[in-house]
Amino acid sequence: VLAVLGTLMGRRSRTLSNLRSNLYIVGMAASGGGKDHARNAIKEALLAAGLSDHIGGNKLASGAGLLAALHRQPSSLFQIDEFGQFLGTIIDKRRAPKHLAEIWDLLTELSTSAGNTFFGTEYADQKQRPRQDIIQPCCVIHATTVPETFWAALRNGSLHDGSLARFLIFRSPDDIPDRNRTPRSVSDIPADLIAALKAVAAGVPNSAKGNLA
């Protein structure tokens, strides 16, 4: 819920101190805990509401790829599975390839750029590779992982440089409940939920500003 609303409210809503809804969220659960269900439900709900343009790729291959996606849709939700393993490949700057290491730096920078303009990279060949600026980027991360790989990936440097402070971490209890033998189809989206998602994405009607309620 936080990830979806944070994305749909992006670039439309802010606090008086200009805080935005670009949240970085990590959901932890043991293997078999159903971590994929939330990601699938989000995808199906946004598809049903006609808001699939806000869904970013399931994988981030490079910093340039991340910026290209945000340039295409400045308010995007990236749902990343096996986030602990992903972190292990990008935060060790001594071992990670440059195109992967820059993802972590960009996520840190983008988290504080949502209230202004993010200025892109300057390349020597401006005609072939012009600078791509992003006005008020709202990059939302919804990641899932098992606890072991997540904590193993974090080095002391990452804990001290403020990177981890940008993430909201939710850990599910280790005792997994019994499986639901008669689950509701994930594609059976309630009509009132679809209407609510559309309303949030549309913003406050007939007004340039106003209370979100």
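Before any of the text, the structure's been laid out above.
First things first, this report covers the structure right here in the doc.

Criteria and cut-off values
- Residues numbered from 1 in each chain as written.
- Predicted model: local features only at pLDDT ≥ 70, side-chain atom pairs only at ≥ 80, totals over all residues.
- Heavy atoms only, no water.
- Phe/Tyr/Trp six-rings, centres within 6.5 Å; stacked < 30°, edge-to-face > 60°.
- Helix = DSSP H or I, 4+ residues; strand = E, 2+ residues; numbered from the N terminus.
- Buried < 20%, exposed > 50% of the residue type's maximum accessible area, 1.4 Å probe, protein only.
- Polar contact = N/O pair within 3.5 Å; in protein donor to acceptor, adjacent residues only side chain to side chain.
- Contact = heavy atoms within 4.5 Å.

Now for the packing of aromatic side chains. Counting across every chain of the model gives six aromatic pairs. Summarising the aromatic geometry, the rings of Tyr 24 and Phe 167 are spaced 5.3 Å apart at their centres and angled 45° between planes, so their arrangement reads as tilted. A residue pair is termed long-range when its members are at least 10 positions apart, and Tyr 24 in strand E1 (residues 24-28) and Phe 167 in strand E6 (residues 167-171) qualify at 143 residues. With respect to burial, Tyr 24 and Phe 167 carry one shared label: buried. Ring geometry for Phe 83 and Phe 150: centres 6.4 Å apart, planes at 25°, overall stacked. Here Phe 83, found in helix H4 (residues 83-90), pairs with Phe 150, found in helix H6 (residues 147-153); they are 67 residues apart in sequence, far enough to count as distant. For Phe 150, a relative accessible area of 1% gives the class buried.

Here we take up the side chain of Ser 111. You can see Ser 111 is positioned in helix H5 (residues 98-111). Its relative accessible area of 18% is what places Ser 111 among the buried residues. Only 2.7 Å separates the side chain of Ser 111 from the backbone oxygen of Thr 108, close enough to count as a polar contact. Non-local contacts of Ser 111, meaning those with residues more than four positions away in its chain, are made with Asn 22, Tyr 24 and Arg 166.

Don't take any of this as a statement about function, it's just geometry.
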